[in-house]
Amino acid sequence: MGASKVLLVDSYDSFTHNLAALIVEAIPSSEVYIIHNDQLSSSEVIESLQYFSAVVVGPGPGSPEISSDVGIVKDLWHLPQSSLLPIFGVCLGLQSLAVENGANLKRLEVVKHGQLSRIQHDGDGLFEGIVDAEVVRYHSLHVQAAGSAPKLQELAWADDGAENGGRVVMALKHRFRPFWAVQYHPESVRTDGSGLQILQNFWSLARRWSSDHARVEVDWSEGATALVGQPWPHHSPCRTQASQQRSVVTTTTIHAPHLTAPQICEISGVHNSPTDFVLLESRAQPGRYSIIACLQPTSLKVSHHVGDDFVLLRRSKHSAFERLGSDIWTWLAAFSRAKYAVGGLPNIPFWGGFIGYFSYEIGVHSLGCKIRHQGGHKHPDASLVFVERSIVVDTMTGDVHIQSIIPNDAGWVAATALTLRTAANIADAEVSTAKCDRVHASSFMLPDKAAYINKVNLAKEHLYAGESYELCVTARTRVAVPKSYPGSSCASSWDLYSTVRSVNPAPYGAYVRIHPTTLVSSSPERFLSCSRPPYQKFQLRPIKGTVRKGCDMTRERAENILNSPKEIAENLMIVDLIRHDLYGVLGKDVKVTKFCGIEEYQTVWQLVSVIEGSPHFAQGDQTCDNQLGWEVLKRSLPPGIMTGAPKKRSVEILQNLEDDARNLYSGVVGYHCVSGAADWSVVIRSCFKYDPHPDDPDGYDKDEWVLGAGGAITALSDAEAEWDEMEVKLQSVLRAFKLESLA
Ligand SMILES: C=C(O[C@@H]1C=C(C(=O)O)C=C[C@H]1O)C(=O)O
Ligand SMILES: NC(=O)CC[C@H](N)C(=O)O
């Protein structure tokens, strides 16, 4: 017997792949095909139904009464008898079933986003074996079928008490057609075992209905693939020729526990501002390794603007444009594949490879959203250097590894090891000389409080209307700093980095000077990492939930605040979104290994979760493996913590709410090693600047540093408290600057 095929109709939600994973778990040997609700015409969808055993209609933003929000979903409930098949609806799916059958649609008084409820049911077959279910809800709208939709039967309810005037419908079935639906999210990680059970029960009911009606699916054909594509999960490995010659990494290790990464940077020429320089620094747990790129004039720099169909390649004074086959990600995957290297030390995460950043807008583009703020096109949205020589400091053991992937480069490795050994002897005797004075600024342009509060309130309106479950609203601050020239007393960008790392020590510090961009980052947050293949493990570490430290804020008080339903809900929504992102490429094996742990940082306490996954498909030969990290990155950007959920609609709303492009802020910075390992942090608690345009008269005496800060807004957010939270995050870097007195 072939696999049971299920068609999953996605309304651009960020939990769809979680539902796909649950379907595959619930239905033995099933295959799930996912289509967007506007991908095919109604008649095409109806034509495709003959190949499927059942349809699942997923959740989504918006309203079942708005045609563009539900697309062809609304037509599924009016299928001609000849095309009828079992359908299961989730959330927006239930609401559409209800509305199309005449039920009343209302707004909840108190919306439920990421909230847990116990449900009561009437013992109908859909709930067989489920006694006491605790389920996660993500909805602003709800339906009432009793009295208005005689063809529908209510099956389950949540008692919201005074909040929403008593019972809220949680499940429905059609009395005459094989349609069942739930208002809650069986696929959420916090829904109990009843989530799996409800899908299994649906499948039993569906089988029974199909057998009673002698319904048999038509054998799969190429025509079906042409309509609905490949089954989930869909992953597209790079097909370019792998290089026959593999580079071999040359490494020498010295033990130098007192030699810090910044000292090594200073020895390696960081003060020479016109050159490029890159440091990724771990200054706090859970970071461990610091990576210093030893760039040469011939090091390859790759940059790309969102929307362009080419990359700019620069080496020494030469530059060339190269056309992208399909997009920047496939270009990077192909390049990485050709540069596959072996023989580095197994414990060191980075042997050589790309280091750099991707802007927020590049992620927005990958999502298929139109970019509203054109600021993004003036500056590179991706800027990377290909690092062949590097120094990696293991902050735990004090070992310093000097490595090169250039053939016959043992001479450089040995000479650098000697230089560092000598420096280490001096460092043993001295304390670090790195400056950490606050940087003089000539002006600050801070976000306007009233405007920010207005945006928070507008965001809440979108949440009440069911457009989004959570929105990460952010604002920019601009700081003008007198320009530093050789010999001047003004602070350089490296001085600024030294100050930022001392006022806000962070696990994912970064100093990335790839002209025309300079980034100074002290991010607490890993976005995505993956270990070296084979047996790759991917990890995301979202932080959601922030409490400011201070003398009145004990750990116990912070824990009480962070363990509140509001903060947990904020984090849960992102955990579910990230599971969806990872499931999208990896398929089955995605796990939440930590849920809402409390972690302490320099100025804040944060709620942190960890989601991990491994590819369940064969990864092919080793050289091919080193590019899967690019695909996972592409399909996970922009970071969900910086958008909210569902991602696409939230990004669209945020682009309208915010006044300018986010650029590097909300993007990612990190590396992709030639071995296939990678680690990217979220660009927050950071600032960046661009070299002035030659026509900009102000650019010669001032640098403009841009800082972003914001926070997740939920329906439970208090606008004043959100402003305070944004300020706390902003201050983590803003306090590295000091406003010059005008006297
Ligand atoms: C938006 C920022 O931070 C993000 C938002 C958080 C929150 O809403 O609690 C916490 C950490 C980050 O994911 C920022 O620092 O600007
Ligand atoms: N999760 C969902 O499908 C939500 C449906 C609808 N947008 C609501 O908020 O009620």
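This is a predicted model, so every value here is computed, not measured.

Looking now at the overall build of the chain. Of regular secondary structure, the chain possesses 20 helices and 37 strands. For 743 residues, the compact-globule estimate of 2.2 N^0.38 gives 27 Å, and the chain sits close to it at 27 Å. Oriented by its inertia axes, the alpha-carbon framework of the chain measures out at about 85 × 65 × 50 Å. Looking at the chain as a whole, 61% of its 743 residues are labelled buried. Expressed as a percentage of contacts within the chain between residues at least 6 apart in sequence, the contacts between residues at least 24 apart total 76%. Roughly 28,200 Å² of accessible area belongs to the chain as shown, and the carbon and sulfur atoms make up 51% of that amount. For the chain, the distance from the average site of its 68 positive side-chain charges to the average site of its 82 negative ones is 2 Å.

Turning next to the site of ligand 1. With respect to spatial proximity, 19 residues lie near ligand 1, and among them Glu525, Lys544, Thr546, Tyr665 and Arg685 are the closest. Measuring from an oxygen atom of ligand 1, one finds a side-chain N or O atom of glutamate 525 at 2.7 Å. One nitrogen or oxygen atom from the side chain of lysine 544 is found 3.3 Å from an oxygen atom belonging to ligand 1. Taken by itself ligand 1 offers 390 Å² of open surface, and the protein chains cover 100% of this. Elements that contribute at least two residues to the shell around ligand 1 include exactly strand S29 (543-548), strand S36 (702-713) and helix H20 (719-734). Across the shell around ligand 1, the residue classes break down as 8 nonpolar, 5 polar and 6 charged.

Quick look at the packing of helix H16 (residues 565-586) against helix H18 (residues 628-636) now. Running from N to C, H16 and H18 point in directions that differ by 140°, and their axes come no closer than 9 Å. Judged on the interaxial angle alone, H18 and H16 are oblique. H16 and H18 meet at a crossing whose hand is right-handed. For the pair formed by H16 and H18, the contact residues are Asp581, Leu582, Gly584, Val585 and Leu586 on the first element and Leu628, Glu631, Val632, Arg635 and Ser636 on the second. By residue class, the composition of the contact of H16 with H18 is 5 nonpolar, 2 polar and 3 charged.

A separate point is the domain arrangement of the chain. Here the chain is partitioned into domain 1 (4-227) and domain 2 (248-739). Contact with domain 1, which involves 27 residues of that partner, is made by 29 residues of domain 2. Taken together, the two surfaces of domain 1 and domain 2 that pack against each other cover about 2,400 Å², and 60% of this comes from carbon and sulfur. Three residues, Ser14, His17 and His113, lead the burial of domain 1 against domain 2; their summed loss comes to 22% of the area buried on that side. The interface formed by domain 1 and domain 2 holds 1 salt bridge in total.

Running from N to C, helix H1 (residues 16-26) and helix H6 (residues 194-212) point in directions that differ by 65°, and their axes come no closer than 9 Å. Pair H1 / H6 crosses with right-handed handedness. When H1 is examined against H6, the residues Leu22, Ile23, Glu25 and Ala26 are found in contact with a partner set consisting of Gly195, Leu196, Leu199 and Gln200. Grouping the constituent residues of the contact of H1 with H6 by class yields 5 nonpolar, 2 polar and 1 charged.

With that settled, consider the UniProt feature "domain: Glutamine amidotransferase" (unreviewed entry) in the chain. The feature "domain: Glutamine amidotransferase" (unreviewed entry), as given by UniProt, occupies residues 7-202 in the numbering adopted here. Summarising residues 7-202: 22% helix, 35% strand, and an end-to-end C-alpha distance of 14 Å.

Right, let's talk about the sheet that holds strand S8 (residues 167-174) for a bit. In space, the 9 strands of this open sheet follow the order S2-S1-S3-S4-S9-S8-S7-S5-S6, with mixed pairing throughout. For this open sheet the edge positions go to strand S2 (30-36) and strand S6 (133-144), each flanked by a neighbour on one side alone. Direction aside, neighbouring strands of the sheet carry axes that sit 25° apart on average. Here H16 sits on the sheet in contact with strand S5 (104-121) and S6, set at roughly 90° to S5.

So, about unusual backbone geometry. Proline 233 follows tryptophan 232 through a cis peptide bond whose omega is -5°. Along the chain, proline 233 falls in the loop between helix H7 (222-228) and strand S10 (247-248). In this structure, the amide linkage connecting proline 533 to the following residue, proline 534, adopts the cis form with an omega of -5°. Checked against the element boundaries, proline 534 lands in the loop between strand S27 (526-530) and strand S28 (538-540). The phi dihedral of asparagine 408 is positive, around 55°, even though this residue is not glycine. Tracing the backbone through its elements, the reader meets asparagine 408 in the loop between strand S21 (399-404) and helix H12 (410-429). Positive phi outside glycine occurs at arginine 685, with the angle close to 45°. Of the residues examined, arginine 685 reaches a relative accessible area of 11% and is grouped as buried.

On to H20, then. Between its first and last C-alpha atoms H20 spans 22 Å; for 16 residues at 1.5 Å apiece the expected length is 22 Å, and the two agree. For H20, the full list of buried residues reads Ala719, Glu722, Trp723, Glu725, Met726, Val728, Lys729, Leu730, Ser732, Val733 and Leu734.

This part covers the side chain of glutamate 361. Structurally, the position occupied by glutamate 361 is in helix H10 (residues 360-366). Comment: no salt bridge for buried glutamate 361; closest opposite-charge side chain is arginine 662, at 6.4 Å. A distance of 2.8 Å separates a polar atom in the side chain of glutamate 361 from the backbone nitrogen of arginine 662. Residues within four places of glutamate 361 in sequence aside, it is in contact with Val306, Ile371, Asp381, Ala661, Arg662 and Asn663.

Conventions we followed
- Per chain, the residues get numbers from 1 upward, laid out in the order the sequence is written.
- Chain labels run from A onward and ligand labels from 1 onward, assigned in the order the entries are written.
- Whole-chain, interface and lining totals are the exception, using all residues; otherwise, since this is a predicted model, local features are given only for residues with pLDDT of at least 70 and side-chain atom pairs are given and counted only at 80 or more.
- Side-chain calculation: all heavy atoms of the structure are included, whereas hydrogens and water are not.
- Numbering of helices and strands runs from the N terminus, with a helix taken as a DSSP run of H or I at least four residues long and a strand as a DSSP run of E at least two residues long.
- Put simply, the radius of gyration uses C-alpha atoms, and a globule should come to 2.2 Å times the residue count raised to 0.38.
- Relative accessibility under 20% of the residue-type maximum defines a buried residue, over 50% an exposed one, and the middle range a partly exposed one, all with a 1.4 Å probe and only protein chains included.
- Every residue pair with non-hydrogen atoms within 4.5 Å of one another is taken to be in contact.
- All accessibility values rest on the Shrake-Rupley procedure with a 1.4 Å probe; residue burial counts only the protein chains present in the view.
- Only four residue types enter the charge count, namely Lys and Arg as positive and Asp and Glu as negative; His and the chain termini do not.
- Where a charge lies is defined by one atom per residue type, namely NZ (Lys), CZ (Arg), CG (Asp) and CD (Glu).
- Each residue is tested against the molecule or strand, and it is near if at least one of its non-hydrogen atoms lies within 4 Å.
- Nitrogen and oxygen atoms within 3.5 Å of one another constitute a polar contact, given that in protein one can donate a hydrogen and the other can accept it, and given that sequence-neighbouring residues count only through two side-chain atoms.
- Throughout, the ten residues Ala, Val, Leu, Ile, Met, Phe, Trp, Tyr, Cys and Pro are labelled nonpolar, Asp, Glu, Lys and Arg are labelled charged, and all others, Gly among them, are labelled polar.
- Note on geometry: axes are lines fitted to C-alpha atoms, helical ones only across the stretch in contact, with angles between N-to-C directions running from 0 to 180 degrees.
- Should an angle fall under 35 degrees it is taken as roughly parallel, and over 145 as roughly antiparallel, whereas 65 to 115 is taken as roughly perpendicular and any remaining angle as oblique.
- Crossings are sorted by hand: turned counterclockwise from the far helix by less than a right angle, the near helix makes the crossing left-handed, and turned clockwise it makes it right-handed.
- Residue ranges assigned to the domains are those given by an automatic or database domain assignment.
- Buried surface area refers to the total accessible area, computed with a probe of radius 1.4 Å, that the two partners give up upon joining, counted for both partners together.
- Every case where a carboxyl oxygen of Asp or Glu lies within 4 Å of a side-chain nitrogen of Lys or Arg is listed as a salt bridge.
- UniProt positions are given in the numbering used here, feature names are shortened, and annotations may be inferred rather than shown by experiment.
- A pair of strands is labelled paired if DSSP reports no fewer than 2 bridges between them.
- By this rule, a helix spans an expected 1.5 Å times one less than how many residues it contains.

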